[in-house]
Amino acid sequence: MIPAAFDYHAPRSVGDAIKLLGDLGPDAKLLAGGHSLLPMMKLRFAQPSHLVDLGRIGELRGISQSGNEILIGAMTTEDDLLRSPLLADKLPLLVEGAGWIADPQVRYKGTIGGDISHGDPGNDHPALMLALDASFVLQGPKGERVVKAEGFFVGFYSTLLEPDEILTRIRIPIPPPGSGWSYQKLKRKTGDFATAATAVLLQMSGGKVAKVAIGLTNAGPTALKASASEASLVGKALDAASVDEAARLAMSICEPSTDQRGDVAYKTAMCGEMTRRALQAAAARAN
Ligand SMILES: Cc1cc2nc3c(=O)[nH]c(=O)nc-3n(C[C@H](O)[C@H](O)[C@H](O)COP(=O)(O)OP(=O)(O)OC[C@H]3O[C@@H](n4cnc5c(N)ncnc54)[C@H](O)[C@@H]3O)c2cc1C
């Protein structure tokens, strides 16, 4: 319950925050919504000497459209995502996914950028970002770089982010009209992380799958893109046989860890089941 002592910094710009990270060194941590970092500090799993709070940097929060992309500031909260008419219209998959995250109080504070940067395979945004083909804008002392969600999640709590970089924006291409989507999440209770969850974004053409993206949550040390499963579906009708094969291929890449949510066999089977349900629900919404 009691975190170790730390110094607190509240920069007003991204540039100032990056400078602070450089000056303070690896013992400094960025603070976003605080709903993963503070629980870890209270258990003394993390003991940073400095917290650099991003909460006063207004430019980091907001949702907008630029051409065929949606831009979301890293400090945009889950609640902001749920209340956005633009996202409801253009990226309903993201709104559906955010609705499955935590509970109302956590969603008032927790940010999309923090959820992605944390690198926890139990978090929901990583798999959603894989299904949505998102890119992340990372800003550091040498400027900006843009990386794809696919490849960003390196391992358990490990991403491509360097210690002196800040995730500033998430860029998501707007799916074509008529796309189907679904996020199916199995959990023990409201506010729990997924036992297994699957994000699907799908386009149909003439009754056959034209394009599909599948992201898996808590199925391994990182969120996983089910590429073989996706490839197996293209050009096929979504019938029981093709959905079963896609679920089998998703299960074949699962490497979940055993914990109180279940053992490897159960979690793997549930990943297959969430994949089946997400594909069927997405197909029902596609036209
Ligand atoms: C009761 C409870 C239930 C929850 N259930 C879920 C759930 O079902 N699904 C889910 O996905 N999450 C869940 N969470 C996690 C929650 O959504 C967190 O808020 C989220 O994981 C981290 O976002 P944050 O803004 O709170 O980040 P913080 O806790 O402030 O930061 C997390 C980490 O990311 C780093 N970081 C933050 N922002 C940036 C940035 N812009 N650039 C670089 N690094 C950054 C921080 O330094 C830190 O290491 C739950 C949390 C609680 C307390």
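Residues numbered from 1 in each chain as written. Predicted model: local features only at pLDDT ≥ 70, side-chain atom pairs only at ≥ 80, totals over all residues. Heavy atoms only, no water.

Going by what an unreviewed UniProt entry lists, the chain is known as Carbon monoxide dehydrogenase medium subunit and is assigned to Rivibacter subsaxonicus.

Focus: the packing of aromatic side chains
This model, assessed by the stated rule, comprises four aromatic pairs. Here the aromatic rings of Phe152 and Phe153 are separated by 5.1 Å at their centres, their planes lie at 90 degrees, and the arrangement is edge-to-face. You'll find Phe152 and Phe153 in the same group, each marked buried. What links up through ring pairs into an aromatic cluster is the set Phe136, Phe152 and Phe153. (Phe/Tyr/Trp six-rings, centres within 6.5 Å; stacked < 30°, edge-to-face > 60°. Buried < 20%, exposed > 50% of the residue type's maximum accessible area, 1.4 Å probe, protein only.)

What to know about the UniProt feature "domain: FAD-binding PCMH-type" (unreviewed entry) in the chain
The feature "domain: FAD-binding PCMH-type" (unreviewed entry), as annotated in UniProt, sits at residues 1-177 in this numbering. Here residues 1-177 runs as 31% helix and 25% strand, with 48 Å between its end C-alpha atoms. (UniProt positions renumbered as here; feature names shortened; annotations may be inferred. Helix = DSSP H or I, 4+ residues; strand = E, 2+ residues; numbered from the N terminus.)

Section: the nonpolar core
Of all hydrophobic cores here, the largest spans 36 residues; its most connected members are Ile72, Leu94, Ile116, Met129, Phe136, Ile170 and Ile172. Those elements that provide at least two residues to this core are strand 5 (69-73), helix 5 (92-99), helix 7 (112-117), helix 8 (125-131), strand 6 (135-140), strand 10 (166-173) and strand 12 (196-205). Here the element with the most residues in this core is helix 8; it accounts for five residues. Both of domain 2 (64-173) and domain 3 (180-285) provide at least three residues apiece to this core. When neighbours within four sequence positions are excluded, Ile72 is seen to be in contact with Gly62, Ile63, Leu81, Leu87, Leu94, Ile112, Thr168, Arg169, Ile170 and Ile172. Of all hydrophobic cores here, the second largest spans 22 residues; its members include Leu216, Cys271, Met274 and Leu279. (Core = buried A, V, L, I, M, F, W, Y, C linked by side-chain atoms within 4.5 Å. Domains from an automatic or database assignment. Contact = heavy atoms within 4.5 Å.)

As for the pattern of salt bridges
Under the criterion given, the structure shown has 19 salt bridges. Between Asp133 and Lys148 there is a salt bridge whose closest N-O contact spans 3.0 Å. With Asp133 in the loop between helix 8 and strand 6 and Lys148 in strand 7 (residues 143-148), this pair connects stretches of sequence that are 15 residues apart. In this structure Asp133 comes out as partly exposed when scored by relative accessible area, which is 38%. Its relative accessible area of 41% is what places Lys148 among the partly exposed residues. Between Glu273 and Arg277 there is a salt bridge, and its shortest N-O distance comes to 2.9 Å. (Salt bridge = Lys/Arg side-chain N within 4 Å of Asp/Glu carboxyl O.)

Some words on the sheet that holds strand 4 (residues 63-66)
Taken together, the five strands give an open sheet; going across it, the order is 4-5-10-6-7, and neighbouring strands pair in antiparallel fashion. With one partner strand each, in any of the chains shown, strand 4 and strand 7 form the two edges of the open sheet. On average, each strand axis in the sheet is inclined to that of its neighbour by 25 degrees, with strand direction left out of account. Pairing of strand 6 with strand 7, which is carried by six bridges, proceeds in the antiparallel orientation. When the bridges of strand 7 are listed, Ser135 appears paired with Lys148. In this fold helix 1 (residues 14-24) packs onto strand 6 and strand 10, with an angle of close to 130 degrees to the strand it touches most, strand 10. (Pairing = 2+ DSSP bridges. Axes fitted to C-alpha atoms, helices over the stretch in contact; angles between N-to-C directions.)

Concerning the pairing of strand 6
Counting buried residues along strand 6, five of its six residues qualify, which places the element largely inside the surrounding structure. In textbook terms, the turn of a hairpin is the stretch between consecutive antiparallel strands, and for strand 6 and strand 7 this stretch comprises two residues. Here five bridges tie strand 6 to strand 10, and the two strands are oriented antiparallel to one another. Each residue of the ladder has a partner; that of Gln139, found in strand 10, is Ile166.

What about the sheet that holds strand 14 (residues 224-225)?
Adjacent strands of a sheet pair through backbone hydrogen bonds, lying either parallel or antiparallel. Read from one edge to the other, the open sheet built from four strands follows the order 11-12-13-14, with strand pairing classed as antiparallel. Only two strands of the sheet have a single partner each, and these edge strands are strand 11 (180-186) and strand 14. In the packing of helix 5 onto the sheet, contacts are made with strand 11 and strand 12, and the angle to strand 11 comes to roughly 15 degrees.

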